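An overview of the molecular structure
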Amino acid sequence: MSEFLELEARDGVRMTWNVIPGTKQDAASCVVPVSAIYTPLNPNPAIPVLPYAPLRCRICRSILNPFSVADFGSKMWLCPFCFQRNHFPQQYSAVSQSNLPTELYPECCTVEYMATAETGPVSPPVFLFVVDTCMIEEEIGYLKSALAQAVELLPDQSLVGFITFGTYVQVHELGFGLLPKSHVFKGTKEIKKDQILEQMGFLTGKTKPTTGVITGARDGVSAESIARFLLPASECEFILNSLIEELQKDPWPVSADQRASRCTGAALSVAASLLGICVPGSGGRIMAFIGGPSTEGPGSIISKPLSDPIRSHKDLDKGSAPLYNKAVKFYEEIGNQLVHQGHVLDLFACALDQVGVAEMKVAVERTGGIVVLAESFGHSVFKDSLRHIFQSSDSDLGLSFNGIFEINCSKDVKIQGIIGPCTSLEKKGPLSSDTVIGQGNTSAWKMCGLDRKTSLCIVFDMAKKDAPDAIGQSQNNLFYFQFLTYYQHHDGQMRLRSTTISRRWVAGSGSVQELITGFDQEAAAAVMARLVSFKMEAEVDFDPVRWLDRALISLCSKFGDYQKEAPSSFSLSPRLSIFPQFIFNLRRSQFIQVFNNSPDETAYFRMMLNRENVANAVVMIQPSLISYSFQSGPEPVLLDVSAIAGDRILLLDSYFTVVIFHGITIAQWRKAGYQHQEGHEVFAQLLQAPQEEADSIIKERFPVPRLVVCDQYGSQARFLLAKLNPSVTYDSDTPPPPGGDMIFTDDASFQVFMEHLQRLAVQ
Amino acid sequence: HKTVLSALSCPACSRQIPIFPSIPVVAASMSRPPPPFTPQNPTPAPRPGGQSPSSTLPASFSNLQISRAPPPFASVGPPQGDGPVPSSIRGPQAPPPGARPFPGSPSPPGSLFACPAPSVQQSPPFGAPPAAQSLQQQRPPFNGPPPVLPAQVQRAPFGGPPAASQPLPYGGPPAAVSQLAPFGVSPVAAAQSAPLGAPRYSAAQPPQFSGLSGAVSRPSYSGGSIPPFGAARAPSQQGPYGGPPQFGGERPGLQTPLFGAQTAPASQPPPFMGVRGANAPAFGPPGWQGQTRPAASSEFIVKDTGNCSPRLMRCTMNQIPCTGDLLTTSGMPLAIMVQPFALPHPSEEAIQLVDFGEMGPIRCSRCKAYINPFMRFVDQGKIFICNLCGFSNDTPREYLCNLGPDGRRRDADDRPELCRGTVEFIATKEFLVREPMPAVYFFLVDVSMNAIQTGATAAACSAISQSLSDLPEGPRTMVGIATFDSTIHFYSLKRAQQQPLMLIVPDIQDVYTPLQMDLILPVSECRDSLEQLLESIPSMFENNRVADSAFGAAMKAGFLAMKPTGGKLLVFQSVLPSVGTGSLSARETEGRSNISSGDKEAHKLLQPVDKTLKTMALEFAEYQVCVDVFLTTQSYTDVASISVVPSTTGGRVYYYFPFSALSDPAKLFNDLRWNITRPQGLEAVMRVRCSQGLQVQDYSGNFCKRVPTDIDLPAIDSDKTIMVSFKHDDKFQENSECGFQCALLYTTVYGQRRIRVINISLPCTSMLSNLFRCADLEAQFTYVVKQAANGIPSSSLSQVRDQVTSTCINILQSYRQYCASVSSSGQLILPEALKLLPLYTLALTKSIGLRNDGRLDDRSYWVSIVSSVSVSLAVPLVFPRMIALHDLTSRDDEDPLIPNPLTLNSENIQDNGIYLLENGEDGFIHVRNAVNPATLEQIFGFSSLAGAPNLLVLEQFDNVLSRKVNEVVNEIRRQRCSYLRLRLCQKGDPSGDFFRSLLVEDKAPGGLSYVEFLVHVHRQIQSKMT
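Keep in mind that what you see is a predicted model, and the values were worked out from it rather than measured.

Reading guide: rules and limits
Residues numbered from 1 in each chain as written. Chains lettered and ligands numbered in written order. Predicted model: local features only at pLDDT ≥ 70, side-chain atom pairs only at ≥ 80, totals over all residues. Heavy atoms only, no water. Contact = heavy atoms within 4.5 Å. Buried area = accessible area lost by both parts, 1.4 Å probe. Salt bridge = Lys/Arg side-chain N within 4 Å of Asp/Glu carboxyl O. Domains from an automatic or database assignment. Pairing = 2+ DSSP bridges. Helix = DSSP H or I, 4+ residues; strand = E, 2+ residues; numbered from the N terminus. Axes fitted to C-alpha atoms, helices over the stretch in contact; angles between N-to-C directions. Core = buried A, V, L, I, M, F, W, Y, C linked by side-chain atoms within 4.5 Å. Buried < 20%, exposed > 50% of the residue type's maximum accessible area, 1.4 Å probe, protein only. Phe/Tyr/Trp six-rings, centres within 6.5 Å; stacked < 30°, edge-to-face > 60°. Lys NZ or Arg CZ within 6 Å of the ring centre and 35° of its normal.

This paragraph deals with the interface of chain B and chain A. Between chain B and chain A, the contact holds 26 residues from the first and 22 residues from the second. Both faces considered, chain B and chain A share a buried interface measuring about 2,200 Å² in area, 58% of it formed by carbon and sulfur atoms. Taken as a group, B:I504, B:P506 and B:Y512 account for 24% of the area that chain B buries against chain A, more than any other trio of residues on that side. On the surface where chain B and chain A come into contact, there are 3 salt bridges.

Written as structure tokens, this is what we have:
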């Protein structure tokens, strides 16, 4: 396992199968697809940054890498992907065995190129705030202070724009010194880019060209007209602050039995077009702060009367959410527009109610946006997350823009697609498989926004159909993969990160053991989670539990060690042993059991799943549980109800929530105030330890998780209980031990699950 | 010089009507110092016969301020039928129309003209330069029986001092008339009477005709204390428009008359309206039993004794034909001109306000007519008979009152609704569909590139800013402002201590208001910030490069902001609206080529281009939004299309072409200020009722009509006139009366809902000659002008001109055929009352609206003003007034401010002269070549015309001439309620040619000379008769 982590640390890649089933048949029988979870901007200080342009293969355009065989005598190198021999150009003339360019060092599988000459002037990042004003005064107050803080933290050179919306959309002109000035758009109808171009005076003095879209400073929009709306943060801080200070509740009256009229769709559409006109192609993000459901105009998710409830999963399943599909389509178009322009949509949805994250998901995910879901703008989940975005620290996000992600790989490997925050560029080539998953049909993707944690799940397809015998296990049984990420670094420079890896492939019936050694069960869990989530959204009448169960059974049948029809003989290699538990927890997780959550929450969870790396995904699937007690130091314990004890403190990290759970005895002591008394310092430390751990988790994580501190038998304890394996329920034969707990559920426990698995696997 | 008119009620109801002029009153006035114009005022000798015993004077009259002077010819209107009607059929017993000879008139044509044959004893030429006179005095050669009165010799038929000694025969027996001997004066006499070289119009003695009857000549209040716009009356609670008088003169510290901002104040604001001075008789003598109204252009004072002031309502004929056939035969139109808020003379009694409380005004239960002095109470007052429908109504118990011996109610004189032709009632709940609206003023200012660069925006902002203090006081006065180019910019002013917020509405196809509230605020809350904003708007848009202007969309957006309340939308527009809803295209280029090629469809360019703006306007009107458009432009703006909006919503177009940042801001400001301060009403509905026998045929003016009977006026003001035409649906009995009642339900700017009821009752006649004798020339001509204007967009110009000419010919022919048939067919015989009709008709065919050359916009603008123009301004608009400026210094201070007008004839133009020609809209100053540079220097401050701007700013310099010129100009402005746009016309320049073209008596490329025209008319009549 640890070797996988090392590889990940170096290259940011985790593969489900590090020994690859080499043929289509083999791959199919392996159940878990050959796939990689790649973190393009995986932070690794060891990655060299090369101040020159990469050397590319003249046929396949792949980049010179440590797997390229260099012939120093003839100054040639062999491309491992297409086997083309290429000449070293002039600047590589000095290359020799002792004088290797950095990209040929074997340990430099991942390098970055930063060719200054090519990039031209640094274009500063653009932040366009889109702020909902249909909120109660209290929420507006919270939002104001959060925004004011964000404005303070904005990098000086970054460009800022400001849009507010309610019934109408107001685009504030920051560059107009005399009066506060804003352009007001009706929320009830969609506003196209052409209209914005014309109506907001970008064409003044020019005749509109009949063909082609004119946008950006280079293409005819004057810098002055852009500078009306987007100003360097340092220049508009005052007016921005006064705008934020004067934010008011949307003045249009709302009757008591109605929802506020909120035109989120129109506002986002205006924002997208504004960025498209002003700064197409350069990094920019729309940061939308939304306090409720969209009720007005395009993209509205619910009608205004409060008597109509907001759609639930059940409504979506039954097709009784009349506005859902229309809204999704609308936001998809906005997403496409943003992708085309290279801009990001971030969503800060802070309301007790749903706001339509489920509908907007498509736009956020395609553009690689950030999403934060909280109950209120006053909640730390929102406030701290927002601060996290702008604050530079060790764990900052390293927001980068305008990424283009490309893959080269050996010709027997094809790409089905990517599940993750990106959009297919529809660059169909020999590498793209006919079977498509997620964003496919291409070998290049757009990643408008990406950060150091953004992780893509790439699903491969083995193209080789030959019988295993025919394959000479001869000279080359390696597959090569090259991931190229061309992006605008958060300092503004364009960079190219190249990661090239190789994996051995095997084929034939005798390769099972080899395959097992290469199985990364964490990565597999993460991939399965993404796949099943994707299929739940994409496929009608998809039964995720059944699908997962079948997959698990097939996998165990293939790789398990057992005698037929003898469940008790069943055992799994350590390489696979935790995988059933992952699947068990995945079946119970929020990704599958959606009915406990609103569509917004589900969308949120899935978006996070789809952008996080393996480790975080695993935490989402199977929370970690740490026990603190006098008896021992902090130790991980089974995610089981039996972990609960009166004298224990449990720290549950389910990624979105961090729960500190005081056993009943501990809670009583704490309430008695022993921790403040002399002679009980150890108790105070015991109380303190999980708190510190939680803090460190919170500090590093984005979005900031929700911290729940609770006591055994308290109402908040449900946050823990819901995640635990119900090994003891009200139905159990044996009551829980004193100080222990039980769970009121009919769900099967892990033990039952395993029994069934064993029985089915050996059939 | 003024004459007092006392509007006597109808003879039929004579029981109700007291007899007027009272001796005490006379005596009182005698003791007063002589009026300034004494020299011209004959010493009035109270005519014994005319006096009624003072005891009969109704108490309510006893303290009338106006009756200070004795009536010069206090003609007691004898009851109808008291004397035989002087028949004019036999022949014109002509009054000496020729009171004013024109020196230098063209020599008479060879044709034989009879001079105007007046049927009325002596209708003095209305004060303007009736060219007809010029003919008369040249008339010697013709032996027309309608003799020219040797006016000079006889001291004029009317009222010179000598006449004063002889009681004029108003209403008297014909014998009296004959004493005057104007009739039948032989041609010889006429010859004698050609007093060439006599002083021009002033030769005529100030006629002392009293008004209808019982008129009292009034003392002068031109003494200087009178504010220009007649706010002399104090009673604020009775103010005609529901509040303190708003005219400029009243404001403390503001001595300048309304239009005085740019020029020096007239030191003595002359009295109100009318031709000042004695140059011409103010109006004709009471033609026939007090049925003739004074000429609209004259100065007179009305005493309301049952019939309304002719200012408010005026009929084209002062006797109503009994049958439709008679009317058709006469060729004359039957219509009334209603100007419900017409400015009163400062000396006139205010319109009284009557509150019936919960009960509401008494109305006829059948026709819903309002109680008025002509309703008869019978059966001890228990029953009243409607004068319009004849229905007998039970008098409500609360309203019962016994009748006096004269048959009138005993309380008639104490109840304004029973003794006044015009009263106002407080509206009860049944007249309210909602709370009376507040006075809302929303300003829309064009800030497109052109508007900014020409200075139009700055001018508009400055005008608005200065006018803010003129808005009605009180918490109910609200303002809002927006600017627009290709987008619409609203301003939210409700931000205490903060700068206003600018909200841009960019969607000009589907507009909306950016906020629901805070766009329109009480002026008291936002005055300061609004002023600041107005100051900064021009600089804010200084570098605006947006050339497009979304006029229609901006109006719509402004409308949406005002929709909940209604109000006045004042739009300042500078270019052709090129984008957004209701955008227009430059049709003019197309139009020009069409016109030159003689396209018959050319008039289509004078129609609105499509229905968009009309639809919009109807919606505006529905929500009580009145639009006024100020066009400060330098190019074609399609006035034809734009003017649809104001004309449908009760507003008007103001046109400043070509806009000059130098001279026009002053006019813009004054126009805006007058627009705001003039008496006006909001959310009004008007209906005119008339006696059975007639029915309303049509309304015409600036309003919106949804149902056939009523017209909706989002706003109505003192400048607007509505023409109502009638047709017969039955016969009248001879000696019966026909009543007209105009009821206007409106809200004052202070939020009170009222009904203004205006009554007039006219006798009916079956004698054609009576119709001619009692014809009201100005009203009839106004009718003709309005009809012509209506026709311009739908027919070709030549058709309209032919129509106008044939109307004139038909009338004259009817007269010739039926009333003067004995005359020789070689004579052109004109009815006295209508003797100026041919001249006016000629002028009309040469007017801006009907002439062939000229810009489309000018013509459209002309059409748009005419649609609401009042009687008193319609004539000058077509037939301008020309005066000489260069010799003003030769006039005494005692002389009337405005010198006598010259005839519109190039022979009157001397080479060393400077002339001002004004039509109520523009003032054209024509400087001749040989003018003394010193004179030039004195008036204009420059001694050479080279390089002088076409648009003048008249400054006052420190010299007498300059002072006098300014006085004259200001006086004209005051009279016209309009700030003349002064333009310099130089010879050899297109402007000079234009000036020449306004001299309507001259032969012009596009028209006949006056003499030729008369010949033409004569021939036409002859050919028709044979």
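With that out of the way, let us pick up the domain arrangement of chain A. How big an interface is tends to be reported as the loss of accessible area on association of its parts. Residue and element names in this part refer to chain A. Splitting chain A by domain gives domain 1 (1–116 + 399–467 + 474–519), domain 2 (126–390), domain 3 (520–621 + 748–762) and domain 4 (623–724). Here the C-alpha centre of domain 3 lies 27 Å away from the C-alpha centre of domain 1. With 34 residues of domain 1 at the interface, the matching set in domain 3 holds 26 residues. Between domain 1 and domain 3, a total of about 2,700 Å² is buried, with carbon and sulfur atoms accounting for 67% of that surface.

Once the domains are mapped, chain B shows domain 1 (279–366 + 420–432 + 679–766), domain 2 (440–678), domain 3 (775–878 + 1000–1025) and domain 4 (880–997). Look at where the C-alpha atoms of domain 1 of chain B and domain 4 of chain B centre, and you get two points 38 Å apart.

Attention now goes to the sheet that holds strand β18 (residues 413–419) of chain A. Residue and element names in this part refer to chain A. Strands sit in the order β1-β3-β21-β18 across an open sheet of 4 strands; the sheet is antiparallel. The two strands at the open ends of the sheet, each matched to only one other strand, are β1 (13–15) and β18. Going across the sheet, the axis of each strand differs from the next one's by a mean of 25°, ignoring polarity.

Okay, the nonpolar core next. Judged by nonpolar contacts, the single largest core of 299 residues is most densely connected at A:F460, A:F483, A:F579, B:I488, B:M555, B:F740 and B:W862. At 10 residues, helix α8 (residues 264–278) of chain A tops the list of elements feeding residues into this core. Sequence-distant contacts of B:W862, defined by excluding residues within four places in its chain, comprise B:V785, B:A789, B:I792, B:L844, B:S847, B:I848, B:G849, B:L850, B:L877 and B:V878. Membership of the second largest hydrophobic core comes to 47 residues, among which are A:L179, B:M437, B:V479 and B:F572.

The next point concerns the packing of aromatic side chains. In total, this model carries 58 aromatic pairs over all chains according to the counting rule given. Consider the rings of A:F129 and A:F162, whose centres lie 6.4 Å apart with planes at 50°: the pair is tilted. Here A:F129 is found in strand β9 (residues 126–132), whereas its partner A:F162 is found in strand β10 (residues 159–165), with 33 residues between them in sequence. Joined through ring pairs, the aromatic side chains of A:F129, A:F162, A:F289, A:F348, A:F377 and A:F382 make up one cluster. Taking the ring centre of B:Y399 as reference, the NZ or CZ of B:R409 above it sits at 4.3 Å. Over the aromatic face of B:F657 sits the side chain of B:R855, whose NZ or CZ is 3.5 Å from the ring centroid.

Residue position: A:I649 is located in strand β28 (residues 649–653). A:I649 sits 569 residues away from A:P80 along the chain, and the two C-alpha atoms are 54 Å apart.

Our next topic: unusual backbone geometry. With an omega of -10°, the peptide bond between A:F702 and A:P703 qualifies as cis. Note on placement: A:P703 falls in the loop between α20 (681–700) and β30 (706–711). For the bond from B:F657 to B:P658, the omega torsion is -15°, close enough to zero to count as cis. Positive phi, close to 75°, is recorded for B:N735, a residue that is not glycine. Tracing the chain through its elements places B:N735 in the loop between β23 (722–728) and β24 (737–747).

Turning to the pairing of β24(B), a few remarks are in order. Along any regular strand, the residues point their side chains to alternate faces of the sheet. All names here are of chain B. In terms of burial, β24 is a largely internal element, 11 of the 11 residues being buried. Side-chain alternation along β24 places E737, G739, Q741, A743, L745 and T747 on one buried face and C738, F740, C742, L744 and Y746 on a second face that is also buried. Where strand β20 (residues 680–690) and β24 come together, 7 bridges link them in antiparallel fashion. In the strand pairing of β24, R689 is matched with Q741. Two strands pair when backbone bridges link them, and β24 and strand β25 (residues 753–765) are joined in this way by 11 bridges, in the antiparallel orientation. Bridge pairing links C738 to L762 in β25. Adjacent in sequence and paired antiparallel, β24 and β25 are bridged by 5 residues, among which G751 carries a positive phi angle near 85°.

Scanning the model with the defined rule gives 69 salt bridges over all chains in all. A salt bridge links B:R311 to B:E348; the shortest N-O distance between them is 2.5 Å. Note that B:R311 is positioned in the loop between β3 (300–304) and β4 (313–315) and B:E348 in the loop between β6 (335–338) and β7 (352–354), a separation of 37 residues in sequence. Residue B:E348 is classed as buried on the basis of its relative accessible area of 6%. Salt bridges here are not isolated pairs; linked through shared partners, they connect A:E8, A:R14, A:D520 and A:E522.

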